[in-house]
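# Architecture and fold: a report
This is what each chain is made of:
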Amino acid sequence: MAFQITKAVIPAAGLGTRFLPATKAMPKEMLPVVDKPAIQYVVEEAVAAGLTDVLMITGRNKNALENHFDRVGELEATLERKGDTERLQKVNFSTDLAEVHYVRQGAPLGLGHAVLRAKMHVGREPFAVLLGDDIIDSRDVLLSRMIQEQAKRNASIIALLEVDPSVAHMYGVATVEETDDPDVVRITGMVEKPAPGTAPSNLAIIGRYVLRPEVFDVLEHTPPGKGGEIQLTDALEKMAGAPEWTGGVFGVVFRGRRYDTGDRLDYIKAIVQLAVDREDLGPDLRPWLKDFANTLE
Ligand code: UTP
């Protein structure tokens, strides 16, 4: 019987320099998307896929993250006194969502380095990695599909998104071979942020991974790459080239809605897109947005 994955690792220790000064004293994963911090969407996604053991890799401003997933007595007491059960439920929801653990990265030496910090907690079992600044729309399926593929192929699985070639240089990009499944490809190579015009495909790597624990063995020997950072992409490329002991790497092509909240423009788009579909905000926001758009001509 296939191993049941229960652990999710969420790296949230990056410096978030694209969002300065907002991220001077707060991780970018705490930026609100409508009325929830980005990271809560990510934890909700993990829980929805059955992953209730969450390990967050935190950096220098970890307090806000820890506080968000913890009780806050004073606030709860005040809401209780006022009889505001609706808001009280919202406050308690993030506390009760999952069992959240924390480990510090120490220094932001790269995503690969952040993932390696999860080695002790994860042990020798497959696990998921969800980047704290990537939101996958809860109406679209991705993570549970990746978990299924991991069990079926006993490999590591990454998520891919078809992007316009003009923006491929902003992502890790995969070289792939087809499989018998139109949504699944075999990864033969990966390159982190290729120079413009040199990307090997239009399949960009997005922030969801379901990995075999051999990734830790590889990361331990992965030297700093692009930007002087220890890159997860470099370790995965090595695994793709050594299927005999890593199981190889496959990609699930995601065709749903994904929001990159680490980028300022995409962050603004994410808020608008998510808010227009909300029952409480959409009916007022949609006509306003149309009027506003007309003033832009
Ligand atoms: P990014 O490259 O998007 O994050 O990393 P960043 O470095 O914080 O962003 P900018 O470019 O300076 O604005 C992708 C994910 O990996 C985490 C980040 O928190 C983010 O979720 N990360 C990155 C770490 O946890 N540690 C690192 O050393 C680097």
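Everything below is about the structure shown above.
Residues numbered from 1 in each chain as written. Predicted model: local features only at pLDDT ≥ 70, side-chain atom pairs only at ≥ 80, totals over all residues. Heavy atoms only, no water.

### Considering the packing of helix α3 (residues 73–82) against helix α4 (residues 85–96)
- Close contact between α3 and α4 brings their axes to 9 Å; oriented N to C, the two are set at 160°. For the element pair α3 / α4, the angle class is roughly antiparallel. Crossing angle aside, the handedness with which α3 passes α4 is left-handed. Within the contact between the two elements, α3 uses Leu75, Glu76, Leu79 and Glu80 and α4 uses Arg87, Leu88, Val91 and Asn92. (Axes fitted to C-alpha atoms, helices over the stretch in contact; angles between N-to-C directions. Helix = DSSP H or I, 4+ residues; strand = E, 2+ residues; numbered from the N terminus. Parallel < 35°, antiparallel > 145°, perpendicular 65-115°, else oblique. Left-handed = near helix turned anticlockwise from the far one by under 90°. Contact = heavy atoms within 4.5 Å.)

### A closer look at the site of the ligand
- Residues in close proximity to the ligand total 19 residues, the closest being Gly16, Thr17, Arg18, Gln105 and Gly110.
- Here an oxygen atom of the ligand and a side-chain polar atom of glutamate 29 are 2.8 Å apart.
- Protein contact buries 85% of the 580 Å² of open area that the ligand shows by itself.
- Using a 2 Å cut-off from the grid points, one finds that the ligand occupies the largest pocket.
- Within the residue set of the shell around the ligand, elements represented by two or more residues are β1 (7–12) and α5 (111–116).
- Per-class residue counts for the shell around the ligand are 9 nonpolar, 6 polar and 4 charged. (Near = heavy atom within 4 Å. Polar contact = N/O pair within 3.5 Å; in protein donor to acceptor, adjacent residues only side chain to side chain. Areas by Shrake-Rupley, 256 points an atom, 1.4 Å probe, with all protein chains shown as cover. 1 Å grid on protein atoms, 1.4 Å probe; cavity = no way out; pocket = protein on both sides within 12 Å on 5 of 7 lines; lining within 4 Å. Sits in = over half its atoms within 2 Å of the grid points. Nonpolar A, V, L, I, M, F, W, Y, C, P; charged D, E, K, R; others polar.)

### Re unusual backbone geometry
- The peptide bond linking leucine 20 to proline 21 adopts the cis configuration, its omega dihedral lying at 5°.
- Assignment of secondary structure puts proline 21 in the loop between β1 and β2 (32–33).
- Non-glycine residue valine 34 carries a positive phi angle of around 65°.
- Structurally, the position occupied by valine 34 is in the loop between β2 and β3 (36–37).
- Residues other than glycine seldom take positive phi values, yet lysine 193 does so here, at roughly 40°.
- In this fold, lysine 193 is placed in the loop between β10 (184–192) and β11 (203–211).

### Observations concerning α4
- The end-to-end C-alpha separation of α4 is 16 Å, in line with the 16 Å expected for 12 residues at 1.5 Å each.
- The set of residues buried in α4 consists of Leu88, Val91, Asn92, Ser94 and Thr95. One face of α4 carries all of its buried residues, which in axial projection span an arc of 155°. Residues of α4 that are exposed and point over 90 degrees away from its buried face: Glu86, Gln89, Lys90 and Asp96.
- In the core, the buried residues of α4 are packed alongside α1 (38–48), α2 (62–68) and α3. (Expected span 1.5 Å × (residues − 1). Buried < 20%, exposed > 50% of the residue type's maximum accessible area, 1.4 Å probe, protein only. Arc of directions from axis to C-beta.)

### Comments concerning the side chain of threonine 246
- One can find threonine 246 in helix α10 (residues 243–246).
- A distance of 2.7 Å separates a polar side-chain atom of threonine 246 from the backbone oxygen of methionine 239.
- Within the structure, threonine 246 has its side chain in polar contact with the backbone oxygen of alanine 242 (distance 2.8 Å).
- In this view, threonine 246 contacts Arg212 and Met239; residues no more than four positions away in its chain are not counted.

### As for the pattern of salt bridges
- Considering all chains together, one arrives at 26 salt bridges under this definition.
- Where lysine 36 meets glutamate 44, a salt bridge forms, and the shortest distance between an N and an O atom there is 3.0 Å.
- Put simply, arginine 257 and aspartate 137 hold a salt bridge, and the shortest N to O gap is 3.9 Å. Here arginine 257, found in the loop between β12 (249–253) and β13 (258–260), pairs with aspartate 137, found in the loop between β7 (134–136) and α7 (143–153); they are 120 residues apart in sequence, far enough to count as distant.
- Under the relative-accessibility criterion, arginine 257 is labelled partly exposed at 33%. (Salt bridge = Lys/Arg side-chain N within 4 Å of Asp/Glu carboxyl O.)

### What about the packing of aromatic side chains?
- In total, this model carries 3 aromatic pairs according to the counting rule given.
- Summarising the aromatic geometry, the rings of phenylalanine 127 and phenylalanine 216 are spaced 5.1 Å apart at their centres and angled 5° between planes, so their arrangement reads as stacked. On the criterion of sequence distance, the pair formed by phenylalanine 127 in strand β6 (residues 127–130) and phenylalanine 216 in helix α8 (residues 214–219) is long-range, its members being 89 residues apart.
- Judged by relative accessible area, which is 0%, phenylalanine 216 ranks as buried.
- A ring pair is formed by tryptophan 288 and phenylalanine 292, whose centres lie 5.1 Å apart and whose planes are at 5°; its orientation type is stacked. (Phe/Tyr/Trp six-rings, centres within 6.5 Å; stacked < 30°, edge-to-face > 60°.)

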